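The primary structure of each chain is shown beneath.
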Amino acid sequence: MIAEAQRRDDGAHKWDRPELFLEKRHILSSNHAALSGFDDLLDAQASFGTPGQPTAREEAAFLLQAWRSEAAMLLRGTAPKKARANLLQFLWQRASWVSETHEGLRKKITRKFKCCELHGSQVALLDGRAARAGEERAAAIPSEYRDQLIYTAAKRGGRVAQGVDDLLAEAEQLGLPAEFVELLLTMRGPGSQVNRRLMDSVKPEVDALQPYFRGKKSIDDVTASLRRCYDKLHSMTVVTADDFTLNAYFSVPDGNGWFTLTRGQVLLFIDVRSQKIIGRALVPERNYDALQIRSGMNTVCREHGIPSVWLFERGIWKRSHIVKGTAPKEWKTARSGEEFKFDWENLGSKFIHATRARSKPAEGVGGLLQNLMDGCRGACGRDERRDCPEETKRAKLAVEARREHPDKFFDTFDQWEARLDQFIERYNTRKQHGRLAGKTPDEEFEARWPHNDPPTRLDSQSWHLGAHWVREMEVGRDGIAFRHGKHSFAYFDESISDMRGRSVLVWFDPEMPDMIAVTDLDKKNCRVVSRHTPIDFLAAHAPYDSAEATHYRGELAKQHGFNSYPKARYKALKAKFEPSFRQVVPSRQTAALAAEMRSQRTDAAAQNDTEGKRRDRIMRLCRETETPPATLNDFSEETEQTLQRRARRRRASAAPTL
């Protein structure tokens, strides 16, 4: 067929000509003049929705145009027999779908054209079956019978055939009329067949009623969606969050010398306007609690500020008492759920809980993030029963049987956490269409930032709102010191210098142990205190620009700051209440002797101080040049100069050559 069409085309490459694909009996004859003047019919034929397969109305319109073409030929003076012959030849060759035989085509055209001459309308040319389409000729099914069948079929699973069978089986018990039973018997066919007229009558309503028998979730699925407008939203106006089980396994220690494979949970915090992931909390357990939710919220607020609205789902996100675990010894939960919510709302942030899963914008973002993870190391698919690769199944069985170490096939928790951050970064920098119009979430987040009314960040006045635990303690000599598990903590600096010896409330967040918040017992006058970290034993003697010396000076500044208030108070009170004494007036000889003694004591102190500093410098040079101090004869200036020359040579030899 293709070869024949190529031969007929003869290199013209005009493949829109129907004659290239017709049978031999439909090929144009050499009498082209007889087929001229039918351009309107060719145009009508080209406008069919499906070429060569017109609908009933398309066929009627085509035949009406054929009647008009014949009438036009008659007006031009063509003989009636010749006009009809030319039209039949054109239809036989170009419209073979009109009739299977030449005689049938002639009779059909004769009959149709007579109808057209009598009525002069397109309806007269329609096939009778098409003209009567949609007309009810059989007796209508009584509405009470339809309603009972619709209710039964919808309640029994949505299958009309099953509903008919159940009504027939329970006809006597339900007291169905004999006419209804007879109707059901005539409408029921073998197998699962039901009369098409009955099926078309009840099936749409059965499908519409069925979700109401299944419950609220099914009703939500068939409820029309409300489209939301995001034009008035800015970045950080609404932040939503949701939990996701990611499509990859990673390993965590099981506490018995081996490892457990888990998919864990990840809580994603998303800016609704830009769809950017602005925070996440990875939980290696199967379930999460409100502690991880709080930690994620704290991270978002410290980095991006407090949003105007938190859009969460229900469940634990609404009913939780914020922390379900047990507080550390001698500590208690910072605030109840209502106190927590009240404090946030005082800062201008309110909570909204979605009533439907599709109302949460986080669902789509989580799906896009999971798309990027398909095929990564340890991937198991979103529906593990159907999508998990055979390779992952074998690796999982080998690890669980302790035949293979999990590092061979799966990431550790730290590795997966780093990989998750890479996936999030990749998502935030990928262009999205639709609402973002070709921008990346990072670009949209920055473009929509409310510079005229930016969000508020947690500062020293509100930092304690993110704390998990609170405890009443006394500010002692070492500031605020306590132990939490195996770790010891000490906090002191200038901010709590005036609270020494007083009882305060200490607000502790395990997510940020480098600082705590301190308030008075009435939860007012909040201050943030930095943690004291231990210093190196020889930090005081380390080179000035070394990391150890810098750390030592920072911790020393905290120590001096913590002593600043009592020291200042001491000087002020001493100056105010210092007692006065009568001055001694010595004789000339006594004053001269005292002056000489002071001079000699000053010289001796200066000499000792110079020797002590020289000794420290020599010891430092000994460490630098790896010279044992026991090999030195003395700590004179000559010894120091010798060690300095040796140190310079050592530095020169160690310097890289270009």
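The structure we're discussing is the one just above.
Since the structure is predicted, the reported quantities are computational estimates derived from the model, not experimental observations.

K.L.:
Whenever I open this one, the sheet that holds strand β1 (residues 238–244) confuses me. Can you help?
P.N.:
Hydrogen bonding along the main chain pairs the strands of a sheet, whether they run parallel or antiparallel. Here five strands make up an open sheet; going across it, the order is β5-β4-β1-β6-β8 and the pairing mixed. At either end of the open sheet lies a strand with only one pairing partner, and these are β5 (276–283) and β8 (350–353). When strand polarity is set aside, the average angle formed by the axes of neighbouring strands in this sheet is 20 degrees. Pairing analysis gives four bridges linking strand β6 (residues 309–312) to β8, with the strands arranged parallel. Bridging across to β8, L311 finds its partner in I352. On the sheet, helix α19 (residues 413–428) packs against β4 (265–271) and β5 and is oriented at approximately 165 degrees with respect to β5.

K.L.:
Would you take a moment to explain a nonpolar patch on the surface for this structure?
P.N.:
On the surface, Y151, L209 and F213 cluster together into a nonpolar patch covering about 270 Å² of accessible area. Examined against the element boundaries, F213 turns out to sit in helix α11 (residues 196–214). On the basis of relative accessibility, which here comes to 36%, the residue F213 falls in the partly exposed class.

K.L.:
What is the right way to look at the nonpolar core in this model?
P.N.:
Grouped burial of nonpolar side chains is what soluble globular proteins tend to show. Within the largest apolar cluster, 22 residues are counted, with the highest numbers of intra-cluster contacts made by L268, I277, L369, M373, W416 and L420. The set of elements that each furnish at least two residues to this core consists of β2 (250–253), β4, β5, α16 (362–373) and α19. Setting aside its immediate chain neighbours within four residues, L420 contacts L246, V266, R280, L282, L369 and M373. Of all hydrophobic cores here, the second largest spans 20 residues; its members include V164, F180, L184 and V194.

K.L.:
When you look at the packing of helix α2 (residues 39–46) against helix α4 (residues 80–94) in this model, what are you seeing that I'm missing?
P.N.:
Packed helices, taken two at a time, are described by their axes: the angle between them and the distance between them. The interhelical angle for the contact between α2 and α4, taken along N-to-C directions, is 30 degrees, at an axis separation of 12 Å. By the angle between their directions, the pair α2 and α4 is classed as roughly parallel. Read as a crossing pair, α2 and α4 show a hand that is right-handed. Residues L41, L42 and Q45 of α2 lie in contact with α4, whose contacting residues are L87, F90 and R94. Classifying every residue of the contact of α2 with α4 gives four nonpolar, one polar and one charged.

K.L.:
Help me understand the environment of G279 in this model?
P.N.:
You can see G279 is positioned in strand β5. Spatially, the C-alpha atoms of G279 and F269 are 4.9 Å apart, while their sequence positions differ by 10 residues. The contacts of G279, once residues within four sequence positions are left out, are L267, L268, F269 and V300.

K.L.:
Sorry if this is basic, but what is going on with the pairing of strand β13 (residues 503–508) here?
P.N.:
When you tally the buried positions in β13, you get five out of six residues, the bulk of the element. Both strand β10 (residues 469–474) and β13 contribute to a ladder of six bridges, which runs antiparallel. Bridged to M473 within β13 is V504. Sheet analysis places β13 next to strand β14 (residues 515–519), joined by three bridges and oriented antiparallel. Across the sheet, the residue bridging to L505 is T519, located in β14.

K.L.:
What exactly am I supposed to notice about helix α21 (residues 547–562) here?
P.N.:
For α21, spanning 16 residues, the distance from its first C-alpha to its last is 23 Å, which sits close to the expected 22 Å at 1.5 Å a residue. Inspection of α21 places A549, E555, K558, G561 and F562 among the buried residues, and these make up the whole buried set. Against β15 (527–530) and α22 (564–577) lie the buried residues of α21.

Cut-offs applied
- Residues numbered from 1 in each chain as written.
- Predicted model: local features only at pLDDT ≥ 70, side-chain atom pairs only at ≥ 80, totals over all residues.
- Heavy atoms only, no water.
- Pairing = 2+ DSSP bridges.
- Helix = DSSP H or I, 4+ residues; strand = E, 2+ residues; numbered from the N terminus.
- Axes fitted to C-alpha atoms, helices over the stretch in contact; angles between N-to-C directions.
- Contact = heavy atoms within 4.5 Å.
- Patch = residues over 30% accessible without salt bridge, like charges linked within 9 Å, V, L, I, M, F, W, Y side chains within 5 Å.
- Areas by Shrake-Rupley, 256 points an atom, 1.4 Å probe, with all protein chains shown as cover.
- Salt bridge = Lys/Arg side-chain N within 4 Å of Asp/Glu carboxyl O.
- Buried < 20%, exposed > 50% of the residue type's maximum accessible area, 1.4 Å probe, protein only.
- Core = buried A, V, L, I, M, F, W, Y, C linked by side-chain atoms within 4.5 Å.
- Parallel < 35°, antiparallel > 145°, perpendicular 65-115°, else oblique.
- Left-handed = near helix turned anticlockwise from the far one by under 90°.
- Nonpolar A, V, L, I, M, F, W, Y, C, P; charged D, E, K, R; others polar.
- Expected span 1.5 Å × (residues − 1).

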